[in-house]
Amino acid sequence: MAGDLMRGGPPGGPDAAGTRPGAEPRPAGTPKAVWIVWALLGLNTLGSAGAKTIVTLPRSLIQMATMGALVAAFALALLLNLHLRVRASAFVFLLTLLLVPSVISSVHLGVGPGALFRCTRLALFVGTLWLLSRWWDGGLTFVRHHIRMYFAVLVSVAAGLAISPGTAMPEYYGGRLVGALWPLTPPQIGQYSAVIIGLTVLLLLGRRTTGAGAAVVIVPTLVLLAMTHTRTATVGLLVGLVLAIGSLILTSAAARRFFAWTVLCATVAAVAFSSALRAWFLRGQSQENFSNLTGRAKVWDALLAAPRTTGEKVFGTGLGDKSFGGLPIDNSWLAVYNEQGLVGIAIVAAILLVLGGVALLRPPSLPRACAIFLISYVAISSYTEAGLGDASPYLLHLALAASLLVAPAPAPAAAGPLPTPAPPRRRVPRWARDRKVT
């Protein structure tokens, strides 16, 4: 069942030595505590603001828990990597460069002392990724833990829905699913659901899990995604899977069959349920409200029209809460422009271009397909969600993609039998060579 997916066992049982043909490489000597560090990074990016919960949790307590998780992740990663052995990574290097405009703009305290706190948080986040890069090897182990981590979050969402349906689907969010135990918004739940579904589908196509195990993860997660009514996550999931599966079509018969059946089913569903799908996407909104992206366009226009100094245009106004005029920006590019300026936009664009370029240059494989899915999903979500300029789940998704694109180390040459030395030639005296045999 789901244990096959969570434990990483392929159908038919794993090979103990990891030498089964087609099996993903396993990190040699990776401590189990590395997965604890990854989970702590995920906890830090859950955020502290969101829906009302069953038991009211003070925001200061949530912030203490999330920031404490980041400090613990950095400390544990440092203990695991005391010799500071890191792997060269263009992705983490560019994230380190992103700290420069963040600090330059934040030292002026234009958005308050919280800007320097957020810079410290981003520095710890990037530092932890540097320390973890030692174990990035292009395998799928981090993918499995990524799925396990966010599936645990969704289990808490489902538990909150079972305990208090009214709190989990409040009217002030239009009846959309929220986190009733931990303050999670519908877009957050939709994001986690879409990423889990996409990665699990790819593992299934790559025969890294059983159909029953994948169904246990995909079916309830798909229900939660539908209950969030999150359009961005749904579109990102579909487009990301199309691109990822398309990268496998030439080398995988399973991917070709899945792609053909998906196109057929999607066409039939679009024709038969067009009105229901349209109503789901509109979420009861008017056509005008839908066209201006639920009011986002008004915030974007006001942000771009606001007067700025040359320094603010180049380096931004400092790391803030991704809002403008008290309203959420909900666009990664405009949020980066507002907080880290044109320099920040250039660095974030370079991150996506570098990851995308490396993914295109890699030969077709399941890790490459997973990386393509994550990169495309984050790129699509960046239009209506903020987070590419600060420690966030989106940067964690891209870090996972970077770990998948690491070129695997060449396998050591098989040790063959030692060559047998030639027997020494016996010296024959000249008189014997000249003597004729009679």
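Parameters at a glance
- Residues numbered from 1 in each chain as written.
- Predicted model: local features only at pLDDT ≥ 70, side-chain atom pairs only at ≥ 80, totals over all residues.
- Heavy atoms only, no water.
- Helix = DSSP H or I, 4+ residues; strand = E, 2+ residues; numbered from the N terminus.
- Buried < 20%, exposed > 50% of the residue type's maximum accessible area, 1.4 Å probe, protein only.
- Contact = heavy atoms within 4.5 Å.
- Areas by Shrake-Rupley, 256 points an atom, 1.4 Å probe, with all protein chains shown as cover.
- Phe/Tyr/Trp six-rings, centres within 6.5 Å; stacked < 30°, edge-to-face > 60°.
- Salt bridge = Lys/Arg side-chain N within 4 Å of Asp/Glu carboxyl O.
- Core = buried A, V, L, I, M, F, W, Y, C linked by side-chain atoms within 4.5 Å.
- pLDDT = per-residue confidence, 0-100.
- Expected span 1.5 Å × (residues − 1).
- Arc of directions from axis to C-beta.

Scanning the protein for helices and strands turns up 19 helices and two strands. Counting only residues that meet the buried cut, the protein has 47% of its 438 residues in that class. Here the contacts in the protein between residues at least 6 apart in sequence split such that 76% fall between residues at least 24 apart. Just so you have it, the protein exposes about 21500 Å², and 69% of that area is on carbon and sulfur atoms.

The next point concerns the packing of aromatic side chains. Taken as a whole and assessed by the stated rule, the structure comprises six aromatic pairs. On the numbers, 4.6 Å between centres and 15 degrees between planes, the contact of Tyr150 with Tyr192 is stacked. Here Tyr150 is found in helix α6 (residues 141-163), whereas its partner Tyr192 is found in helix α8 (residues 186-205), with 42 residues between them in sequence.

Tallied over the entire structure, the rule returns three salt bridges. Asp330 is the partner of Arg296 in a salt bridge, and the nearest nitrogen-oxygen pair spans 3.4 Å. Highlighted residues: Arg296 in helix α14 (residues 296-305) and Asp330 in the loop between β2 (327-328) and α16 (332-361), separated in sequence by 34 residues. Lys322 is paired through a salt bridge with Asp390; the nearest N and O atoms lie 3.1 Å apart. In this pair, Lys322 sits in the loop between α15 (310-315) and β1 (323-324) while Asp390 sits in the loop between α17 (366-381) and α18 (393-404), placing the two residues 68 residues apart along the sequence.

As a further point, take the nonpolar core. Core analysis: the largest hydrophobic core is formed by 99 residues, its most contacted members being Trp38, Phe91, Leu129, Trp136, Leu199 and Leu398. Broken down by element, the residue count for this core peaks at eleven residues, all from α8. What Trp136 contacts, discounting residues up to four positions off in sequence, is Arg87, Ser89, Val92, Leu129, Phe142, Ala399, Ala402, Ser403 and Val406. One finds Leu303, Ile329, Ala335 and Tyr337 within the second-largest nonpolar core, a separate group that totals six residues.

Time to look at the confidence of the model for the protein. In this model, the protein carries a mean pLDDT of 83, and residues with pLDDT of at least 70 account for 81%. Predicted confidence is poor over residues 10-27, with pLDDT under 50, and the contacts of this stretch with residues over four places away or in other chains come to 25 contacts.

So, about the environment of Gly127. For Gly127, the location among the structural elements is in helix α5 (residues 114-132). Along the backbone, Gly127 and Ala77 are 50 residues apart, and their C-alpha atoms lie at a distance of 9.2 Å.

Attention shifts here to the side chain of Ser102. With respect to the helices and strands, Ser102 occurs in helix α4 (residues 90-106). Leaving out residues up to four positions away in the same chain, Ser102 has contacts with Cys119, Leu122, Leu319 and Gln340.

Let us now look at the environment of Ala180. For Ala180, the location among the structural elements is in the loop between α7 (165-168) and α8. Given the relative accessible area of 1%, Ala180 is considered buried. For the pair formed by Ala180 and Leu161, sequence separation is 19 residues and the distance between their alpha carbons is 6.9 Å. Excluding residues within four positions of it along the chain, Ala180 makes contact with Thr53, Ile54, Gly160, Thr167 and Ala168.

Our next topic: helix α9 (residues 211-228). For α9, which comprises 18 residues, the first-to-last C-alpha distance of 25 Å matches the rise-based estimate of 26 Å (1.5 Å per residue) to within 8%. For α9, the complete set of buried residues consists of Gly213, Ala214, Val217, Ile218, Thr221, Leu224, Leu225 and Thr228. Along α9, the residues classed as buried sweep out an arc of 130 degrees about the axis, all on the same side. One or two positions beyond α9, positive phi appears at His229, with a value near 55 degrees.

Of note in this structure, Lys322 is not a glycine but carries a positive phi near 60 degrees. Of the residues examined, Lys322 reaches a relative accessible area of 16% and is grouped as buried. With a phi close to 55 degrees, Asp330 is a non-glycine residue in the positive phi region.

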